Number of protein chains: 4
Amino acid sequence: MVNTGGIAGEQLRSFIERIERLEEEKKGLAEDVKEVYAQAKATGFDPKIMRKVISLRKMDQADRQEQEALLDVYLHAIEGGEQVRPTAEVVAINE
Amino acid sequence: MVNTGGIAGEQLRSFIERIERLEEEKKGLAEDVKEVYAQAKATGFDPKIMRKVISLRKMDQADRQEQEALLDVYLHAIEGGEQVRPTAEVVAINE
Amino acid sequence: MVNTGGIAGEQLRSFIERIERLEEEKKGLAEDVKEVYAQAKATGFDPKIMRKVISLRKMDQADRQEQEALLDVYLHAIEGGEQVRPTAEVVAINE
Amino acid sequence: MVNTGGIAGEQLRSFIERIERLEEEKKGLAEDVKEVYAQAKATGFDPKIMRKVISLRKMDQADRQEQEALLDVYLHAIEGGEQVRPTAEVVAINE
DNA sequence: ACTAACCGTGA
DNA sequence: TCACGGTTAGT
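Remember, it's a predicted structure, so these values are computed and weren't measured experimentally.

Asks: Got a minute to help me understand the interface of chain C and chain D in this structure?
Replies: Accessible area lost upon the coming together of the parts is a frequently used measure of interface size. Contacts between chain C and chain D engage 27 residues on the former and 27 residues on the latter. Summed over both partners, the interface of chain C with chain D buries about 2,700 Å², with 78% contributed by carbon and sulfur atoms. When the shortest N-O distance is used, the salt bridge between Glu20(D) and Arg57(C) registers 2.8 Å. The interface formed by chain C and chain D includes 4 residue pairs in polar contact (both at pLDDT 80 or more). Counting residues per element, the ones that place at least two in the side of chain C that touches chain D are helix 1 (7–42) and helix 2 (47–58) of chain C. In terms of residues, the side of chain C that touches chain D owes the most to one element, helix 1 of chain C, which gives 21 residues.

Asks: So what exactly am I meant to see when it comes to the protein's contact with DNA strand E here?
Replies: With respect to spatial proximity, the complete set of residues near DNA strand E consists of Glu23(A), Lys26(A), Arg51(A), Lys26(B), Arg51(B), Lys34(D), Lys48(D) and Arg51(D). In DNA strand E, atoms within 4 Å of the protein come from the sugar-phosphate backbone in 100% of cases. Here Lys26(B) contributes a side-chain N or O atom positioned 2.3 Å from a phosphate oxygen of DNA strand E. In this structure, Arg51(B) approaches DNA strand E through a side-chain N or O atom, which is 3.4 Å from a phosphate oxygen. Contributing elements (two or more residues each) for the surface near DNA strand E: helix 1 (7–42) of chain A together with helix 2 (47–80) of chain D.

Asks: What is the right way to read the nonpolar core from this model?
Replies: Counting residues in hydrophobic clusters, the biggest one holds 40 residues, and the most contacted among them are Met50(A), Met50(B) and Val53(B). Those elements giving two or more residues to this core turn out to be helix 1 and helix 2 (47–80) of chain A, helix 1 (7–42) and helix 2 (47–80) of chain B, helix 3 (61–78) of chain C together with helix 2 of chain D. Not counting residues up to four positions away in its chain, the partners in contact with Met50(A) are Tyr37(A), Ala40(A), Phe45(A), Leu12(B), Phe15(B), Ile16(B) and Ile19(B). Core analysis: the second largest hydrophobic core is formed by 34 residues, Ile19(C), Leu22(C), Tyr37(C) and Phe45(C) among them.

Asks: What should I look at first to understand the protein's contact with DNA strand F in this one?
Replies: In the region of DNA strand F, the neighbouring residues are Lys41(B), Lys26(C), Lys48(C), Arg51(C), Glu23(D), Lys26(D) and Lys58(D). Near the protein, within 4 Å, the atoms of DNA strand F are sugar or phosphate in 100% of cases. Measuring from a phosphate oxygen of DNA strand F, one finds a side-chain N or O atom of Lys58(D) at 3.3 Å. Elements supplying a minimum of two residues to the surface near DNA strand F: helix 2 of chain C together with helix 1 (7–42) of chain D. Of the residues contributing to the surface near DNA strand F, the split by class is no nonpolar, no polar and 7 charged.

Asks: Even after reading the chapter, I still don't get the interface of chain A and chain B, so can you show me in this structure?
Replies: Contacts between the two partners involve 27 residues from chain A and, on the opposite side, 27 residues from chain B. Between chain A and chain B lies a buried interface of about 2,600 Å² when both sides are counted; carbon and sulfur atoms form 78% of it. Here chain A and chain B share 2 salt bridges between them. There are 4 residue pairs in polar contact (both at pLDDT 80 or more) connecting chain A and chain B. Secondary-structure elements contributing two or more residues to the side of chain A that touches chain B are helix 1 and helix 2 of chain A. Element by element, the count of residues in the side of chain A that touches chain B is highest for helix 1 of chain A, at 21 residues.

What counts and what doesn't
- Residues numbered from 1 in each chain as written.
- Chains lettered and ligands numbered in written order.
- Predicted model: local features only at pLDDT ≥ 70, side-chain atom pairs only at ≥ 80, totals over all residues.
- Heavy atoms only, no water.
- Contact = heavy atoms within 4.5 Å.
- Buried area = accessible area lost by both parts, 1.4 Å probe.
- Salt bridge = Lys/Arg side-chain N within 4 Å of Asp/Glu carboxyl O.
- Polar contact = N/O pair within 3.5 Å; in protein donor to acceptor, adjacent residues only side chain to side chain.
- Helix = DSSP H or I, 4+ residues; strand = E, 2+ residues; numbered from the N terminus.
- Near = heavy atom within 4 Å.
- Core = buried A, V, L, I, M, F, W, Y, C linked by side-chain atoms within 4.5 Å.
- Buried < 20%, exposed > 50% of the residue type's maximum accessible area, 1.4 Å probe, protein only.
- Nonpolar A, V, L, I, M, F, W, Y, C, P; charged D, E, K, R; others polar.

Structure (structure tokens):
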């Protein structure tokens, strides 16, 4: 049996094409981003600095989420009876 | 003069927010992709292989463009006399 | 009981520092690897191909054949109405 | 001419083997890390929390470096005459 | 530098 | 066993 054009094939093709379409859209957005940087540069802003600013904003956000995640982890650990008491230690270790 | 709330600031903010919005959208699409993979997996397809397939399809596409580019390169190389690398060696080492 | 400067804290700090040291060493090795690639490139070898060679050597041969076989099956399954993609092509690319 | 045992081949092999050796060492270190986590767990610490702590410490470090990098970027931009004056804006945008 | 693949861990 | 996150490789 060499015929491979069955229903499974149809499905697979469908999935793959959906993914490829989504990837195309992503690519389009990436190009838009590039364009905005180009415009900004044209009006006199330094793209390098802009990237830094954006990355810092992202990091701040990440920090906040990380803090919450940490809290979560601790709370769960307390319930689970794991050894997490030396919280202050952690801070101390962290300089 | 410490006040920096001028027009430039407005513009910068605007650029940065546009970029951040675009990045958000990209992120959304990435999540959609993940979801499609999840569905596919749920219906019995192996995501890892799907990725391989997609990447091969992309390469095929790239290949076609590559062919044209290659022609270019050859034409230029004839003029420029670029070094030919020991590709056959590589195959040899690989058993 | 707020005092957290106990033995547990000491232990925790010790564990964490050991891990951090090991991670540092890993990072150092990663840099060394990069350097070797750079040297190789400087003497005329293509890093991309080198990576491929190394990855192939790492791959278990059995796994490799299995994956290729499965990949074949998928590719054929897709080829319901799409353009016919020669299997040998795939093998060639994958080499 | 199929013979591929030339000098280039020797060199290539040497590069590749060096890389493979370094990768082996990295792998060894990764195993050591795992072991430390295992020990820590055995003495009652929660590995998940330890990972969080380590990641936070790494982020702090990254933050500090990022700050310095940002400073650098600004200083250079000022020299270069790029539009970077709205520094306070940047901070403000950064919420 | 950014993106995609891989791997190891936790649920 | 699956899903996720972090890590590492590739472009």
